[in-house]
Amino acid sequence: MSEDPAHRPYWRVGHREDPLGFVPVEICEYSHRFDDLQRRFRTVYVAELAETSLRETLADFRPKLSTISRFQQEMGAEATQELVAWHVSAAWRAEHLLATERLKLNGPIYDLTDISQRQLVEESHAALLLEHGMHHLDLHEITTDRRVLTQTIAGDVSFQRAVAGRLCDRIRRGIGADFVVA
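Parameters and conventions
Residues numbered from 1 in each chain as written. Predicted model: local features only at pLDDT ≥ 70, side-chain atom pairs only at ≥ 80, totals over all residues. Heavy atoms only, no water. Helix = DSSP H or I, 4+ residues; strand = E, 2+ residues; numbered from the N terminus. Buried < 20%, exposed > 50% of the residue type's maximum accessible area, 1.4 Å probe, protein only. Areas by Shrake-Rupley, 256 points an atom, 1.4 Å probe, with all protein chains shown as cover. Phe/Tyr/Trp six-rings, centres within 6.5 Å; stacked < 30°, edge-to-face > 60°. pLDDT = per-residue confidence, 0-100. Contact = heavy atoms within 4.5 Å. Arc of directions from axis to C-beta. Core = buried A, V, L, I, M, F, W, Y, C linked by side-chain atoms within 4.5 Å. Patch = residues over 30% accessible without salt bridge, like charges linked within 9 Å, V, L, I, M, F, W, Y side chains within 5 Å. Salt bridge = Lys/Arg side-chain N within 4 Å of Asp/Glu carboxyl O.

1. Some details on the overall build of the chain
1) Next: Along its length, the chain carries seven helices and six strands.
2) Next: Along the chain, from the amino end to the carboxyl end, the secondary structure elements read β-β-α-α-α-β-β-α-α-α-α-β-β.
3) Next: Burial status across the chain gives 36% buried among its 182 residues.
4) Next: When the accessible surface of the chain is totalled, it reaches about 10800 Å², and 54% of it is carbon and sulfur.

2. Examining unusual backbone geometry
1) Next: Residues other than glycine seldom take positive phi values, yet Y30 does so here, at roughly 50°.
2) Next: Locating Y30 in the fold gives a position in the loop between β1 (9-15) and β2 (45-47).
3) Next: Here Y30 falls in the buried class, since its relative accessible area comes to 11%.

3. Section: the packing of aromatic side chains
1) Next: In the structure shown here, the tally under the stated rule is one aromatic pair.
2) Next: Relative to W92, the ring of F61 lies with its centre 5.3 Å away and its plane at 85°, an arrangement referred to as edge-to-face. One end of the pair, F61, is in the loop between α1 (50-58) and α2 (65-75); the other, W92, is in helix α3 (residues 90-95), and 31 residues separate them in sequence.
3) Next: By relative accessible area, W92 is classed as partly exposed at 23%.

4. Digging into the confidence of the model for the chain
One rule of thumb: low pLDDT means the predicted coordinates there are not for detailed reading.
1) Next: Across the chain, pLDDT averages 77, with 81% of residues at or above 70.
2) Next: Element-level pLDDT for the chain is lowest in strand β6 (residues 178-180), with a mean of 43, against a maximum mean of 92 in helix α5 (residues 126-131).
3) Next: Every residue in residues 165-182 is under pLDDT 50, and counting partners more than four places away or in other chains gives 79 contacts.

5. What about α1?
1) Next: Of the positions making up α1, those classed as buried are A50, T52, S53 and E56. In a view along the axis of α1, the buried residues occupy a sector of 165°, so they form one face of it.

6. Some details on the nonpolar core
1) Next: Counting residues in each nonpolar core, the largest one holds 14 residues, and the members touching the most others are L112, V121, L137, L149 and I153.
2) Next: Every element with two or more residues in this core is listed here: α5 and α7 (147-160).
3) Next: Per-element tally for this core: the top contributor is α7, with four residues.
4) Next: When sequence neighbours within four positions are dropped, the list of residues in contact with L137 reads R118, V121, E122, L129, I142, L149 and I153.

7. A look at the environment of Q117
1) Next: Positionally, Q117 belongs in helix α4 (residues 115-124).
2) Next: The partly exposed category is assigned to Q117, whose relative accessible area is 21%.
3) Next: For Q117, the contacting residues outside a window of four places in its chain are I109, Y110 and D111.

8. A short note on a nonpolar patch on the surface
1) Next: A surface patch of nonpolar side chains, amounting to about 210 Å² of accessible area, comprises L54, L58 and L98.
2) Next: Relative to the helices and strands, L54 resides in helix α1.

What follows is the structure, given as C-alpha cells:
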C-alpha cells in the first residue's frame, strides 16, 4: 500500500442517501467475495483510487461474454460492434455518488498481498484449499468466483483472529485495491 491505510482516503460509489454505508440487512444478499457465510457481518468495498471505484461499479454495465457470444451467433462477428453496454441513466447517476472516507480502524488490516499473512490463512484453511484442488492460496485464487473460500477466510479473519476485518485484495484489474469492511 502506498501509505498507512488508516491515514489515506478511500473511495466508493454508493447510494446517495449513505454512499459509504452498508447495504441494509433486509436486502443484503451476502453473495460477494468477502461476505460472511453465517451473516454475522456485511461488507463495504472501497478503493484506493476514485477511478478504481468507478470502474468496479460501472463494470456491471458492460455486456457479459455470454451475451456477446449469443449476439455473435445470431448476428455475425462483425455485428458485435453494434452491441452496446447498458445505459448509465440520469436516474442512476442521480441516485449514486462517488464518496471518499478515511478508514476508522479498530484493529489491524489483514493484507492478503502480504505473503506471511496469506500463509497463515493458507495453513489454517489447508483442508478447505485441498477440497477445492488448491495447493496454495495464490492471489489469483482470491479473485475467482469460489465464494465459499473467500467468505470462509473473511469470517476467520474477522472473528477468530480479532482483526479489523479489512482484507486487502490489490490484484483487481491491476489498479488500486478493494477493501472489505466488516
